[in-house]
Amino acid sequence: MKIHSDGIYSTACPRNCYSTCSLQVHLENGRIRRIEPHPDNLATGRGVCLKGLSYIDRVYSPERILQPLKRRAGAHDFMPISWSEALDTIAAELVRIRDVWGAQSLLYYSGSGTKGLLNSVGLEFWRLYGGCTTTYGDLCWPAGLEATRLTLGDNKHNAPWDLENARLIVLWGKNAAETNVQQMLHIDHAREKGAMLIVIDPRRTDSAERADLLVQPRPGSDGALALGIARILINKGWIDNNFISHHVHGFKEFSEYVQAYTPEKTARISDVPAAIIERLAAAIHEHPPLSICAGFGMQRYTNSGQAFRAIIALLAITGQIAKPGAGWIYANLQSHIFSTVRDPVDSFPPQVPDGVIRVAISTALLGPQMLELSDPPLKMAWVERGNPISQNPGTGKVLEAFRSLDFRVVIEQFLTDTAREADIILPAKSFFEQSDIIGAYWHPYIQLKQKIIEPPGQVKPESEVYWLLAKRLGLSVQQLSGKIPDPDDSAVEAFLESKLAPFPELTLERLRRGPVLAPGTEEVAFADFHFLTPSGKIELYSAEARDRWRLDPLPAYTEPEESVAGTSTAAQRYFLNLLTPNTKNSIHSQFNNLPSIRQFSPKPVLTIGAADAASRGIANGEPVRLFNDRGELFLEARIDFGLKKGCVCLANGWWISQGGGVNFLSLARETDMGYGAAFHDNLVEVEKVKL
Ligand SMILES: Nc1nc2c(c(=O)[nH]1)N[C@H]1C(S)=C(S)[C@@H](COP(=O)(O)OP(=O)(O)OC[C@H]3O[C@@H](n4cnc5c(=O)[nH]c(N)nc54)[C@H](O)[C@@H]3O)O[C@H]1N2
Ligand SMILES: Nc1nc2c(c(=O)[nH]1)N[C@H]1C(S)=C(S)[C@@H](COP(=O)(O)OP(=O)(O)OC[C@H]3O[C@@H](n4cnc5c(=O)[nH]c(N)nc54)[C@H](O)[C@@H]3O)O[C@H]1N2
Ligand SMILES: [Mo]
């Protein structure tokens, strides 16, 4: 085994998180001893979150899977097997399934567990195998990405530190104090200079504790709220006519449409008092420049792409784009330079790109579509970097779909809900155990996630697993060349160097020292007023929204499909909106299993407002049943005096085996645009459990 010399190594956290922190890792006697922020990153240089610190716990965890495991026939437990037995068994299944059913009867499912250029190796392997079926869409952010693309033409925003130039910051459906902790430092600096902070969220979050104003709309009603604010801005003349005439398309149609959203009507829909709606409009008028930081949680409704378009319109009509301290802070893809497809939404229309890979399943509809596929039907699944049993909507159906297969392989670090369904589990690397290059979606840095330690036990990175399987399938060195690197570190580095070749300012040597701004980074996005929309302007009227998504070309408001104000059958029986946001001490389904994290958040808890608890006879700390037609969970209730009436809240990510499994209650359902998952269209009820 190669011993890495002691010292301090630069690397970066590759989790699916805004912050993508630059780190300095101290290695002593071959062991990671300390993790600190890397000061060169202007966005994250001042601190690491608790999860970042807990990596030491995670990498050396006694629960980590360190060797291949095989399900004991007919049982629920696993036994260790050798790599050669694991790979021989998998290769034999791959050949059998391809011969009998065809290569597309294999589902390749990859989640968002870790970022990196080497992740592309998976699809390269399946192409060489003869094909596979894979998913399109995304659980995370696509309705917002598509709304932004339709309106502004590109997903980019001002550098994170530019927020310090804002005088009004709106955290709209974003809880940065938990999900983007370093953003709060920039917000604090702006506030020290006199900026106002408004939070729009049905919950009184940690972010709201620092706000000047908390506005609590009914979940899913933000589109109407934005239209109501727009009407006030327009009718009072609080708009930038010069900016509109040069850079905005469809203002006339938009201003006519919003006239229906009087303060009274808007208040009725959103449950925000008319006086507060007027105060929001006045704040926008009085405190430019305005930055709106929109969260991802708010775009997980069936009406949220349109809601996002309505919110961006507030910036467009007031000219709050393309300036320091101003703009739409959603996703900054300026570091996504390695993909030929600039916008992720463009990479997943449901089509067959090359006849070999069948892109047939919407991630949001994973369970039902896995079960429905024919010609060929699915027979085998390969899961890596994801935990679809706990994270995809409609867990009941996802479980049924996985259990209906002949054979399942899961590559994992821990015994997650999905790993428990596998026939063979292969041990997964941690991010300290293989070098890779990553971008981010908040700050514009390119980073080398450097290999610092050897994989423990018998762990092998995915690229090596594919290489070994390719050999067993009889693929030649020529066939693998440039697609799947040889297992040794120098071949992996050569692979990464080849990806850097088009960018002379980026070399592995330079990246080893720390983060580097992506070539061409714009600190102020759209400063050239170049909008990549069909009209070349910011589109309030989007023909593409109509043609591609069959939506109103204006950001029209409609109720979410499953809403207390709607007419769905759920609305007759279930009267609470279930919010399932992210939380500070986990990243989705990762970290909750570690003792260092569990000491702060020991178990899943359902929060409920005081009035909703009282009317159901529920006291603080009591056991409750959370349920709807799709499923039920038994949890402890915690009264939250800051939660909006009609809402309950349970963080997503807790495994079923930890007492979680929140997606038993959600339905496999897509957002209005972008093929996202509408997790939050989810009505439930809560009752006290009689002991
Ligand atoms: N610590 C931590 N950080 C993370 C993650 C994590 O799991 N843990 N995950 C990362 C990833 S992948 C993501 S997608 C992001 C997500 O992080 P955020 O963008 O902050 O999104 P969420 O936590 O899903 O939701 C944010 C807020 O939206 C509110 N909300 C829900 N529905 C509505 C609504 O209808 N209207 C309004 N106005 N607000 C609403 C919720 O109450 C919640 O407080 O965080 C990233 N960062
Ligand atoms: N109800 C509800 N459900 C949600 C959400 C919600 O708001 N509400 N949010 C959704 C969102 S925004 C997201 S992004 C998804 C996230 O859902 P997923 O994409 O499934 O991500 P994680 O839950 O983080 O699980 C990733 C897994 O990858 C593993 N892993 C980490 N590194 C590696 C590696 O290098 N190799 C391999 N093979 N495995 C690795 C981890 O151990 C972990 O088990 O969840 C979604 N689910
Ligand atoms: Mo996400």
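Residues numbered from 1 in each chain as written. Chains lettered and ligands numbered in written order. Predicted model: local features only at pLDDT ≥ 70, side-chain atom pairs only at ≥ 80, totals over all residues. Heavy atoms only, no water.

What's the story with the site of ligand 2 in this structure? I'm lost.
Neighbouring ligand 2 are 31 residues; Ser112, Glu412, Glu462, Ser589 and Gln590 lie closest to it. Note that an oxygen atom of ligand 2 is positioned 2.9 Å from one of the side-chain N or O atoms of Lys429. Contact distances for ligand 2 include 2.8 Å between a nitrogen atom and a side-chain N or O atom of Asn663. Coverage of ligand 2 by the protein chains reaches 98% of its 920 Å² of free accessible surface. When residues of the shell around ligand 2 are sorted by domain, at least three fall in each of domain 1 (69-137 + 348-517) and domain 3 (569-688). (Near = heavy atom within 4 Å. Polar contact = N/O pair within 3.5 Å; in protein donor to acceptor, adjacent residues only side chain to side chain. Areas by Shrake-Rupley, 256 points an atom, 1.4 Å probe, with all protein chains shown as cover. Domains from an automatic or database assignment.)

What should I look at first to understand the site of ligand 1 in this one?
Neighbouring ligand 1 are 35 residues; Tyr18, Asp201, Arg203, Asp222 and Ser586 lie closest to it. For ligand 1, an oxygen atom lies 3.2 Å from a polar atom in the backbone of Gly297. Within the backbone of His588, one N or O atom sits 2.9 Å away from an oxygen atom of ligand 1. Here ligand 1 loses 100% of its free accessible area of 910 Å² to cover by the protein chains.

What's the story with helix H17 (residues 462-472) in this structure? I'm lost.
For an α-helix the count is 3.6 residues per turn, leaving residues at separations of three or four pointing the same way. Of all 11 residues in H17, 9 are buried, a share of seventy percent or more. For H17, the full list of buried residues reads Glu462, Ser463, Glu464, Val465, Tyr466, Trp467, Leu468, Leu469 and Ala470. In the segment just after H17, Gly474 is the residue with positive phi, at about 85°. (Buried < 20%, exposed > 50% of the residue type's maximum accessible area, 1.4 Å probe, protein only. Helix = DSSP H or I, 4+ residues; strand = E, 2+ residues; numbered from the N terminus.)

Teacher, can you tell me more about the sheet that holds strand E3 (residues 31-37) here?
Remark on secondary structure: sheet strands pair via backbone hydrogen bonds, oriented parallel or antiparallel. Spatially, the 3 strands line up as an open sheet ordered E1-E2-E3, and their pairing is antiparallel. In this open sheet, the two strands that pair with only one neighbour each are strand E1 (7-12) and E3. Between one strand axis and the next, the sheet turns through 30° on average, direction left out of account. (Pairing = 2+ DSSP bridges. Axes fitted to C-alpha atoms, helices over the stretch in contact; angles between N-to-C directions.)

Would you explain helix H13 (residues 304-317) in this entry?
With 14 residues, H13 extends 20 Å from end C-alpha to end C-alpha; this agrees with the ideal 20 Å at 1.5 Å per step. One or two positions beyond H13, positive phi appears at Gly319, with a value near 70°. (Expected span 1.5 Å × (residues − 1).)

What should I look at first to understand the nonpolar core in this one?
As a rule of thumb, nonpolar side chains are buried together in soluble globular proteins. Trp172 and Trp382 are the most contacted members of the largest nonpolar core, which has 132 residues in total. Apart from residues lying up to four places away in sequence, Trp172 is in contact with Ile200, Asp222, Leu225, Ala226, Ile229, Ile292, Cys293, Ala294, Gly295, Met298, Ile311 and Leu314. In this structure, Leu107, Leu366, Ala419 and Phe679 belong to the second largest nonpolar core, which totals 26 residues. (Core = buried A, V, L, I, M, F, W, Y, C linked by side-chain atoms within 4.5 Å. Contact = heavy atoms within 4.5 Å.)

Please clarify how the pattern of salt bridges should be interpreted in this entry.
Pairing between side chains becomes possible if they bear opposite charge and their charged atoms approach one another. Under the defined criterion, the tally for this structure stands at 39 salt bridges. Notably, a salt bridge pairs Arg630 with Glu562, separated by 2.9 Å at the nearest N-O pair. A residue pair is termed long-range when its members are at least 10 positions apart, and Arg630 in the loop between strand E24 (623-628) and strand E25 (631-639) and Glu562 in the loop between helix H21 (543-549) and helix H22 (569-573) qualify at 68 residues. A residue is classified by how much of its surface remains accessible, and Glu562, at 5% relative accessible area, is buried. Ionic contacts of the salt-bridge type, sharing partners, join the residues Glu146, Arg149, Glu544 and Arg548 into one network. (Salt bridge = Lys/Arg side-chain N within 4 Å of Asp/Glu carboxyl O.)

What exactly am I supposed to notice about the side chain of Asn119 here?
Within the secondary structure, Asn119 sits in the loop between strand E6 (106-110) and helix H4 (121-129). For Asn119, a relative accessible area of 19% translates into the label buried. A polar atom in the side chain of Asn119 sits 3.2 Å from the side chain of Arg385. Apart from residues no more than four positions distant in its own chain, Asn119 is found in contact with Tyr108, Thr114, Arg385 and Asp436.

Could you clarify how one ought to interpret the pairing of strand E23 (residues 605-608) in this entry?
In summary, the side chains of a regular strand alternate between the two faces of the sheet. Of the two faces of E23, the one holding Val605 and Thr607 and the one holding Leu606 and Ile608 are both buried throughout. As judged from the 4 bridges shared by E23 and E25, these two strands associate in the parallel manner. Paired with Ile608 across the two strands is Ile639, which belongs to E25. Relative to strand E26 (residues 647-649), E23 is paired through 2 bridges, and the arrangement is antiparallel. Considered in E26, the bridge of Ile608 is made with Val648.

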